[in-house]
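Analysis of the macromolecular model
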Amino acid sequence: MSSMSSVAGLSKYIKTLPKTKYNILGILILSFLIGSAYFLIDLTPSSSVLEDIIFGGLFGLMVLGTATIMSGALNQQVISSLHGINLKIKHSMFLSGLSMTMLGIMVLIGCVISRIINIDIFINSALFALVLIYGFNTLVFWATSKVRFAVAAITGLIQPVLIMTMYILITFLFIDTSFIGPVIFQVIIKAAIAAIIFVLAIYAFIKVIASPFKKNLGIGVLDLLSLFIAHMNEGSNSLEGLFENMSEAIDTIVTFVSFKTENGIKALFISPSVHPGPLGDLGGSNMPTILANKFDFFTMVAHGPSTHDFNPIAVSEIDKVEKSVKNGLDKIKYSPTASKFVRYTSGKANIGVQFFNEGMVILSTFAPEAVDDIEFGVGLTMMAQSRNRCNVKDSIIVDCHNSFTPESGEVLPGNSEVFQLIDVIDTINPDQAKYEIKIGCNANDMGTLDKHEGIGESGLKTMVLEVDNQRTAFVLFDSNNMEIGFRQEIIDAVSDLDIDEIEVMTTDTHTVNTLSRGYNPVGIAKRKEIIEYVKISIQEAINDLEKVEVGTGTEKIENLNTFGPKNSTELISTISSVVAVSKIIAPVLLITALIIVFIWIFYGGL
């Protein structure tokens with residue numbers, strides 16, 4: 001599996017938590033059940049089953065339920081008052097409920113063992129569980145809330161202390177006071193030493209995994225994690241500020257085709273060599289929609305040759321792409337003619353070519369084979385070669401990005417796919433006849449679908465070009481790639497429509513990459529519904545056909561702040577290596593600490 005696949009796979013841990021009221025209800029139910037089971041197993045063997053269930057349940061509610069709900073509220077207040085982030089009340093209540101469940105399971109296991117071996121280990125098992133949830137809470141607060149370790153460690157004490165206090169109080173009032181006195185002092189000493197051992201192991205673990213980030217990228221791993229969670233939870237773009245510390249200014253290009261009538265520009269087809277990433281709404285992830293919305297006419301923003309190296313570090317960087325396009329529009333020379341759409345193939349490389357006035361469009365795909373992004377240098381080579389062979393001023397290269405598997409690799413210099421692209425460009429016939437051109441456009445937001453089906457904000461955009469009675473449909477999904485085979489399924493499904501050629505593309509928007517499966521290509525779900533949208537959009541575009549003049553342009557984008565080739569690779573490889581190392585270090589370090597804590601609590605005397 002590639003490094004990018006490993007990193008994307010981490011998003012499977014992103015989950016939507018229940019609302020606060022459901023968390024509280026769950027805490028009350030679970031605490032009652034844990035208390036009932038506790039009484040049934042261990043505490044009052046002479047009582048009836050019904051008494052154990054009722055009184056045990058009430059005991060669980062008072063000790064575990066009350067303390068857990070209080071800690072859920074207090075944790076959130078403490079973290080917020082100390083300028084921590086991400087910990088909303090529902091998150092805090094869920095964390096406390098999860099910790100209570102862990103505690104309950106371990107206490108019940110201790111009760112069962114006590115009955116089997118005839119030795120009371122309840123206090124020790126409860127103490128061990130409290131130390132464990134203390135470490136767990138501390139780790140979560142420190143890793144996700146952007147607070148200092150000391151703050152996390154102190155806040156992590158709230159739930160264990162509340163549970164111990166409630167247990168002592170309820171026991172003192174209603175059950176048994178024989179242990180009050182020296183035993184409490186012994187328990188506190190045991191708990192303190194055990195907690196220190198465990199939390200120091202957590203501290204060491206975090207410091208070990210944080211070191212590569214600080215050394216390689218100059219950023220804190222916990223800052224990265226906290227701000228990433230803030231983006232996922234609240235849509236915060238604070239993470240962009242962190243990216244600025246590792247950004248690199250580059251020069252790249254944007255190419256475009258403009259279609260106009262006597263009333264002005266009717267449609268614009270843009271292929272920027274800027275990558276719409278990294279994910280969510282960060283950086284350039286929603287560039288296809290944001291850029292298109294900056295123009296007052298129908299605009300399609302396709303995927304130009306670019307990789308994650310060319311992710312803009314902030315949404316504001318998209319303004320530079322807009323400026324370059326608008327500068328180029330003022331220079332375009334228009335003509336009323338264009339060539340027909342012609343396909344060429346060499347090896348796995350397939351291209352569709354159409355000439356417009358002084359330029360040409362090359363729609364590139366490796367379907368039915370699966371590949372990912374075409375690197376910028378490869379795209380430049382394709383542009384230079386096609387301009388030279390076909391004697392055109394502008395070559396608009398589009399990476400159709402329409403055939404995906406999780407193992408899809410980028411098209412990088414030296415790959416065999418590069419030479420196949422070069423070979424297929426050499427087969428282009430530059431002497432294509434020109435005819436009058438008509439175009440029709442349609443935008444459909446695909447309102448019944450969203451990112452769960454791999455559909456971004458712009459939905460579906462279609463442009464039908466008619467040249468000498470040949471109709472070609474350019475179909476563009478606002479999606480991040482396409483499930484392998486779905487492109488051909490769409491082509492087959494629209495064969496009965498009044499078109500002769502079709503190419504299906506995706507924008508590569510990364511706004512859809514915030515779900516549990518990480519990668520989220522269109523075509524995983526609801527294929528029939530998606531195809532119906534395509535049919536409707538093509539027909540609407542046909543109905544919109546009218547004569548136009550067409551022109552092409554190429555403009556440089558200067559000083560675009562991006563992740564940069566070095567930092568993008570460094571970030572992905574660092575995350576990937578840290579994940580791999582953590583799978584070894586975490587079990588060794590934390591399990592060793594737990595064993596030491598276990599021995600200390602159960603066999604440490606006092």
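Throughout this document, residue positions are counted from 1 along each chain, in the order its sequence is written. With the structure being a predicted model, the display of local features is reserved for residues of pLDDT at least 70 and the display and counting of side-chain atom pairs for 80 or more, all residues being used for whole-chain, interface and lining totals. As a convention, hydrogens and water are excluded, and side-chain values are obtained from all of the structure's heavy atoms.

1. A word on the overall build of the protein chain
The helix count covers DSSP runs of H or I at least four residues long, the strand count covers runs of E at least two residues long, and both are numbered beginning at the N terminus. A count of helices and strands for the protein chain gives 17 helices and 13 strands. Overall, the protein chain is about 100 × 50 × 40 Å in size when its C-alpha atoms are taken along their principal axes. Looking at the protein chain residue by residue over its 606 residues, the buried ones come to 54%. Counting 42 positive and 58 negative side-chain charges, the protein chain places the averaged centre of each group 4 Å from the other. Summary of the burial criterion: residues with accessible area below 20% of their type's maximum are buried, those above 50% are exposed, and those between are partly exposed, where the area comes from a 1.4 Å probe applied to protein chains only. Only four residue types enter the charge count, namely Lys and Arg as positive and Asp and Glu as negative; His and the chain termini do not. Charge positions are represented by NZ for Lys, CZ for Arg, CG for Asp and CD for Glu.

2. Focus on empty space enclosed by the protein
Using a probe with the size of a water molecule, rolled over the atoms, empty space left in the structure can be pinpointed. In this analysis, the protein atoms alone were mapped onto a 1 Å grid. Cavities are point sets where a 1.4 Å probe fits without being able to get out; pockets are open sets with protein on both sides within 12 Å along at least five of seven lines; lining residues have an atom within 4 Å of a point. Grid points are joined across faces, edges and corners, and a volume is the space filled by probe spheres set on the points. One pass over the full model with this rule turns up 3 cavities of 30 Å³ or more. Here the largest cavity is characterised by a volume of approximately 390 Å³. Every residue lining the largest cavity is counted, 24 residues in all, and those nearest its centre are F122, A126, L130, M164 and Y167. Put simply, the parts of the chain that give the lining of the largest cavity at least two residues each are α2 (20-43), α3 (49-81), α4 (89-117), α5 (122-144), α7 (158-175) and α8 (182-217). Element by element, the count of residues in the lining of the largest cavity is highest for α5, at 5 residues. Classifying every residue of the lining of the largest cavity by side-chain character gives 21 nonpolar, 3 polar and no charged. Here the nonpolar group is Ala, Val, Leu, Ile, Met, Phe, Trp, Tyr, Cys and Pro; Asp, Glu, Lys and Arg are the charged ones; every other residue, Gly included, is treated as polar.

3. Comments concerning the pairing of strand β10 (residues 460-467)
Within β10, 8 of the 8 residues are buried, which leaves the element mostly enclosed by the surrounding structure. Of the two faces of β10, the one holding L460, T462, V464 and E466 and the one holding K461, M463, L465 and V467 are both buried throughout. Two strands pair if DSSP finds at least two bridges between them. One ladder, built from 8 bridges, connects β10 with strand β11 (residues 470-477); its direction is antiparallel. Bridge pairing in β11 links M463 to F474.

4. Observations concerning α4
Here a helix's expected span is defined as the number of its residues, less one, multiplied by 1.5 Å. With 29 residues, α4 should cover 42 Å at 1.5 Å per step; its first-to-last C-alpha distance of 42 Å lies within 8% of that length. At the exit of α4 stands N118, carrying a positive phi of roughly 65°.

5. Comments concerning the confidence of the model for the protein chain
pLDDT is defined as a per-residue confidence score from the predictor, taking values between 0 and 100. When the pLDDT values of the protein chain are averaged, the result is 87; 90% of them are 70 or greater. Contacts are assigned to residue pairs that have any heavy atoms within 4.5 Å of one another. Contacts from residues 1-8, a stretch scored under 50 in pLDDT, to residues over four places away or in other chains number 16 contacts.

6. Notes on the environment of D296
Relative to the helices and strands, D296 is located in the loop between α11 (287-292) and β3 (298-301). Taking the C-alpha atoms as reference, D296 lies 9.5 Å from A267; in sequence the two are 29 residues apart.

7. Considering the packing of helix α15 (residues 486-493) against helix α16 (residues 527-543)
Convention adopted: a line fitted to C-alpha atoms gives each axis, helices being fitted over their contacting stretch, and angles between N-to-C directions are expressed from 0 to 180 degrees. Running from amino to carboxyl end, α15 crosses α16 at an angle of 50°, the nearest separation of the two axes being 10 Å. By the criterion of interaxial angle, the relationship of α15 to α16 is oblique. Every pair of crossing elements has a handedness; the one defined by α15 and α16 is right-handed. Contacts between α15 and α16 pair F486, E489, I490 and A493 from the former with R527, I530, I531, V534 and K535 from the latter. Residues belonging to the contact of α15 with α16 are distributed by class as follows: 6 nonpolar, no polar and 3 charged. Working rule for angles: under 35 degrees goes down as roughly parallel, over 145 as roughly antiparallel, 65 to 115 as roughly perpendicular, anything else as oblique. Crossing handedness is defined as follows: a turn of the near helix away from the far one that is anticlockwise and smaller than a right angle gives a left-handed crossing, while the clockwise case is right-handed.

8. Regarding the pattern of salt bridges
Two side chains bearing opposite charge may form a pair once their charged atoms approach each other closely. What makes a salt bridge here is a side-chain nitrogen of Lys or Arg within 4 Å of a carboxyl oxygen of Asp or Glu, nothing more. All chains considered together, the criterion is met by 19 salt bridges. For K326, the salt bridge identified is with E322, shortest N-O distance 2.7 Å. Of the two residues, K326 and E322 both sit in helix α12 (residues 318-329), 4 residues apart, roughly one turn of that helix. Judged by its relative accessible area of 16%, E322 is buried. Between E453 and K526 there is a salt bridge, with the nearest N and O atoms lying 3.8 Å from each other. Of this pair, E453 sits in the loop between β9 (435-444) and β10 while K526 is found in the loop between β12 (501-506) and α16, placing the two residues 73 residues apart along the sequence. Taking relative accessible area as the criterion, K526 reaches 42% and is therefore assigned partly exposed.

9. Here's the deal with the environment of H401
Structurally, H401 can be placed in the loop between β8 (394-399) and α14 (416-425). The spatial distance from the C-alpha of H401 to the C-alpha of K207 is 40 Å, given a sequence separation of 194 residues. In contact with H401, not counting residues within four places along its chain, are H303, D372, D373, N480, N481, M482, T506 and D508. Within the local environment of H401, its side chain forms a polar contact with the side chain of D372, the two groups lying 3.0 Å apart. Think of a polar contact as two N or O atoms within 3.5 Å of one another; within protein, one of them needs to be a possible hydrogen donor and the other a possible acceptor, and neighboring residues in sequence only count if both atoms come from side chains.

10. Regarding the pairing of β11
The element β11 is extensively covered by neighbouring structure, given that 8 of its 8 residues are classed as buried. Both faces of β11 are covered, namely the face carrying Q470, T472, F474 and L476 and the face carrying R471, A473, V475 and F477. Connecting the antiparallel pair β10 and β11 is a turn made up of 2 residues, with D468 showing a positive phi of about 50°. Pairing of β11 with β12 involves 6 bridges; the strand directions are parallel. Its bridge partner lying in β12, T472 is registered against E501. Note that the unit made of β11, α15 and β12 has a crossover that is right-handed. A crossover gets the label right-handed when its path from the first strand over the helix to the second runs clockwise, viewed with the strands pointing away from the viewer.

11. Points about unusual backbone geometry
With an omega dihedral of 15°, the bond running from G277 to P278 counts as a cis peptide bond. With respect to the helices and strands, P278 occurs in the loop between β2 (264-272) and α11. A cis amide bond links A367 with the next residue in sequence, P368, at an omega value of 10°. Relative to the helices and strands, P368 resides in the loop between β7 (359-365) and α13 (376-390). Of note, the phi angle at D468 is positive, near 50°, even though the residue is not glycine.

12. Side note on the nonpolar core
Throughout this description, the term nonpolar core refers to a set of buried Ala, Val, Leu, Ile, Met, Phe, Trp, Tyr and Cys residues connected via side-chain atoms within 4.5 Å. Of all hydrophobic cores here, the largest spans 43 residues; its most connected members are I270 and I428. Looking at this core element by element, the count peaks at 5 residues for α13. Ignoring any residue separated from it by four or fewer positions in sequence, one finds I428 in contact with Y344, I351, V353, F355, M360, I362, R389 and C390. Membership of the second largest hydrophobic core comes to 42 residues, among which are A67, C111, A129 and Y167.

13. Side note on α3
In this model α3 runs 46 Å from its N-terminal to its C-terminal C-alpha over 33 residues, within 8% of the 48 Å that 1.5 Å per residue would give. Two axes enter the definition of the bend at a residue: one is fitted to the seven residues ending there, the other to the seven starting there, and the bend is the angle between them. The sharpest bend along α3 reaches about 35° and sits at L61.

14. A short note on the environment of V464
Relative to the helices and strands, V464 is located in strand β10. Taking the C-alpha atoms as reference points, V464 and E540, separated by 76 residues in sequence, lie 9.4 Å from one another. With residues up to four places along the chain from it excluded, the contact list for V464 reads K438, I439, G440, R471, T472, A473, I538, A541, I542 and L545.

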